[in-house]
Structures are given as structure tokens and as C-alpha cells.
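Descriptive analysis of the structure
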Amino acid sequence: MDITYQLMIPALQKLVEFTHSYGLSIILLTVAVRVVVWPFVTASTKSMQKMQLLQPRMKLIQERYKGDPEMLQKKVMEFYAKNKANPLGGCLPMLVQLPILFALFGTFNGPPFGDKPIDVKVTVVEAKDASKVHRAETSGNNSPYVSPAGDLSKVIVFPGESTVLVGDSIDFATRATEGKLPDDFKPLWVMKFGGNFATPSQGVIDQTGHAVFAIPGEFHIEGVVHGIAKRDSFLFINSLGKTATGMQLLDPKNYDLVFLIIAFGASMFLSSKLTMAKQNPDDMDESQRVTQDTMKYMPIAMSVSFFFIPLPTGVYLYMVVSNLFQTAQTWLVMRTPPEPLIDPDGFDSAAMMASSSSAASTKPSPSSSTWSSGKKEAPRTIDVTPFEPKNGKKKD
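Scope of this entry: the structure provided in the associated data block. Note that the structure is predicted; figures quoted are calculated from it, not measured.

Quick notes on the rules
Residues numbered from 1 in each chain as written. Predicted model: local features only at pLDDT ≥ 70, side-chain atom pairs only at ≥ 80, totals over all residues. Heavy atoms only, no water. Helix = DSSP H or I, 4+ residues; strand = E, 2+ residues; numbered from the N terminus. Polar contact = N/O pair within 3.5 Å; in protein donor to acceptor, adjacent residues only side chain to side chain. Contact = heavy atoms within 4.5 Å. Buried < 20%, exposed > 50% of the residue type's maximum accessible area, 1.4 Å probe, protein only. Pairing = 2+ DSSP bridges. Axes fitted to C-alpha atoms, helices over the stretch in contact; angles between N-to-C directions. Patch = residues over 30% accessible without salt bridge, like charges linked within 9 Å, V, L, I, M, F, W, Y side chains within 5 Å. Areas by Shrake-Rupley, 256 points an atom, 1.4 Å probe, with all protein chains shown as cover. Salt bridge = Lys/Arg side-chain N within 4 Å of Asp/Glu carboxyl O. Parallel < 35°, antiparallel > 145°, perpendicular 65-115°, else oblique. Left-handed = near helix turned anticlockwise from the far one by under 90°. Nonpolar A, V, L, I, M, F, W, Y, C, P; charged D, E, K, R; others polar.

Further remarks concern the side chain of lysine 242. Note on placement: lysine 242 falls in the loop between β12 (217-225) and α6 (255-275). Polar side-chain contacts of lysine 242 include one of 2.8 Å to the backbone oxygen of lysine 253. The contacts of lysine 242, once residues within four sequence positions are left out, are Lys230, Lys253, Asn254, Asp256, Leu257, Leu311, Pro312 and Thr313.

Below, the structure written as C-alpha cells:
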């Protein structure tokens, strides 16, 4: 199922009919999709929050049974089971929502916002290799197209991948496999050779699609489908389909792109800060510290990379709105008090809140009478809020 073509773009066009604004429609569609994936994001965030709370208690259990690997494994599994925790519990919700978010990204990264090329590979050979000559019926890829009237169609190029002789010509054209193209639809035809635009001595293609290949080698013909909304403005954005990279971003007309890229990095940093806010560095192992450090610098790295990746302005608007929505959702989830934890060995909350280093020096070892008495205490719940002694004395 093509989620972008069958769901996202039609939904976008319905919003455009209502709002008469592609910019506002981007925001509304992004919020609507975020509402749909809300349960998955919440489940993933809660799972991550629970694993963070379990980590210091897990270190204490590892210390108790460090001399008995078999018992350690049993207690770890029991600890996870009693607290209904799964180390991979946050992965499935993420995997479920990714296709939806990728489809939304694809909606704003091509027509009706940006131009999208439909590529056809053409291999040109000499007469001695005439037996290799062939032509596929149609291109292997396609592009959606939204007409000025709002009609949606799926466009392909024909013929498709081909092998021809030096000096041969091909007449390329487009047609719709779904929907109907307007009579005045015309793609932009481009010929490339060796990754660059072909020179007249290598080959030429006119805007009717007639291509002539003058030398042997691998050519690529692109039928570029235009985005009708790429020049639409919205608020401070002067063009929703505009792309700019590197030094082009210093041009004042591209400051809207710079602002959106910076806003993306800031919103991503805030979201990651909220996610890691309740984790004590002393309670983390080495892999968790590396993960936390990575999350600190990821917003900067991604923001810098976007200065060199040509994406339409509409994509950045989507990413900023999406990040702000997720940041608000993360804040709501993380401020909700977590469920009390259960220690399979029946330790009280004060003991479980102690650091792993103090636990190693104060808790009895598995070989002591406490562990070998044969009595099995009922598991106790653990208050995960900080323990505060009154009048200098511990709670009984």
C-alpha cells in the first residue's frame, strides 16, 4: 500500500480545499498524524521511562547475585516480569509509527511542494554489442502529481530502462497509471551523463522528450514532475518548495530556511532533554552514558547536516511542528508519576533507592543467613519518589 499516494496526499488536498493554504494544511495534517500515533509514542516513552527507573535497582540485584550467574538471570527475569517491563518494549511502538511518519515526510518532499524526477537508465553500446539492445515498457519508478485543479494522479515515463546503439534516438513520454493527467501537463526533460548534465557532443533531449545519444556509456533521462505549490508562501516563509544549501543560506531570501533549521534543532534538543531529565548519571552503565551523550549532540549534528541537504521548506515546517508536538507529549508523559516498582527479594524502598556502591557494602551477600533461611517474603512495592527521612531517622 502506498500510504503517501493513497492517504496522505488526498488528506492534504482535502485540508487545502478547506483552508485554501498549503502551509496551514501542512501544520494541520502533521498534528492529525501525530494524534494518530499518540498511543505508540506514549507507550514507547513510558517503556523507556520504566527502564530508566529499573536500571539502578537492576544494578543492586546484579551485585547481590554476582557470584551466582544462574540465580542472577532468574532474578533479572523475575524483576522484569513483576514490573511488567521489557527491554525491547519501546521498539515495537516505534516501528509501528515509522511507516506513517515516513509517508508524511514523503508527502512534503515531492509534488505538490517540490519537483520530483522520474529516472530512466539508458545504456548506449556500439554496433558490436547490438544483441544487447532492448527497451522496457515503462519506468521502474513513478511520481504523484497534483494538478492546479487539485486532481491527483500517478505518473510514469515510457519507455523504461533501455539499451540502444550509438546514434539511436528514443521518444520519451509520460502517462498516468492512476488518475488522469490534465491535457496541458508537461514534465521537464533532462539528460544526464556521468552524473552531470549531458553536453551536445554526448547527447541531447528536447522538451518534447525526443532524445539522441551520440556516444557509448550510461545515460539517465529524467522526466521532472513539477510541484504546483512550491512557490506558495506562508507566514514568514516565502516559498514552501524552495531549497537552499551551504552559502545559499546566507542570502536574506533564505533566512526563513535558516530559522526553521535552527528551530528544528532546538525543539529536538528540548525533547531529548525531557526524555533524559530523570536519569541519574551515577545510576547509568557505560552504554547508557554513551547513549545520553549521543542524544545531547544529535540535535546539533542533524541541524548542521541540514545546511547541506536540499529539502523543501515545507519539509522543515513539518519537522518543526512534529518536534514541538512530540516535545509536549514527552513532557506530559514524563511528568506523570510512574507505577511503584516491585523488588522480587522484598527489599524496602529505602534500600532500593540506595546507590549501587553503598549497596555493595551494606547489603548481605547471597551466602549469608538472610538469603539461606529458606523463608520467602512477599514482593514489596517500591516508591520511586525520593526517600526523605524525618527527624534524621529512617522510616521503619
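Inspection of the secondary structure assignment puts glycine 110 in the loop between α5 (91-108) and β1 (116-125). Accessibility expressed as a relative area gives 5% for glycine 110, which makes it buried.

Take the sheet that holds strand β10 (residues 203-205) next. Strands sit in the order β6-β11-β10 across an open sheet of three strands; the sheet is antiparallel. Pairing within the sheet leaves two strands with one partner each, and these edge strands are β6 (169-171) and β10. Mean inter-strand twist for the sheet, computed between neighbouring axes without regard to direction, equals 10°. In terms of strand pairing, β6 meets strand β11 (residues 210-213) through three bridges, oriented antiparallel. Bridge pairing in β11 links isoleucine 170 to alanine 211.

What follows deals with a nonpolar patch on the surface. A cluster of nonpolar side chains, namely Tyr297, Ile300, Val304 and Phe308, defines an oily patch on the protein surface of about 470 Å² accessible area. Mapped onto the fold, tyrosine 297 is located in helix α7 (residues 286-306). On the basis of relative accessibility, which here comes to 56%, the residue tyrosine 297 falls in the exposed class.

A few words on the pairing of strand β5 (residues 162-165). Two elements, β1 and β5, share four bridges in a ladder whose sense is parallel. Counterpart to valine 124 in the pairing with β5 is valine 164. For strand β2 (residues 134-135) and β5, the ladder comprises two bridges, and the chain directions are antiparallel. Looking at β5, one finds that arginine 135 is bridged to serine 162.

The next point concerns the packing of helix α1 (residues 3-19) against helix α2 (residues 22-36). Helix-helix packing is characterised by the crossing angle of the two axes and by the distance between the axes. At a minimum axis separation of 9 Å, α1 and α2 run at an interaxial angle of 130°. Our classification of the angle between α1 and α2 gives oblique. Remark: the crossing between α1 and α2 carries right-handed chirality. On α2, the residues that touch Met8, Ala11, Leu12, Gln13, Leu15, Val16 and Thr19 of α1 are Tyr22, Leu24, Ser25, Ile26, Leu28, Leu29 and Val33. Grouping the amino acids of the contact of α1 with α2 by side-chain chemistry returns 11 nonpolar, three polar and no charged.

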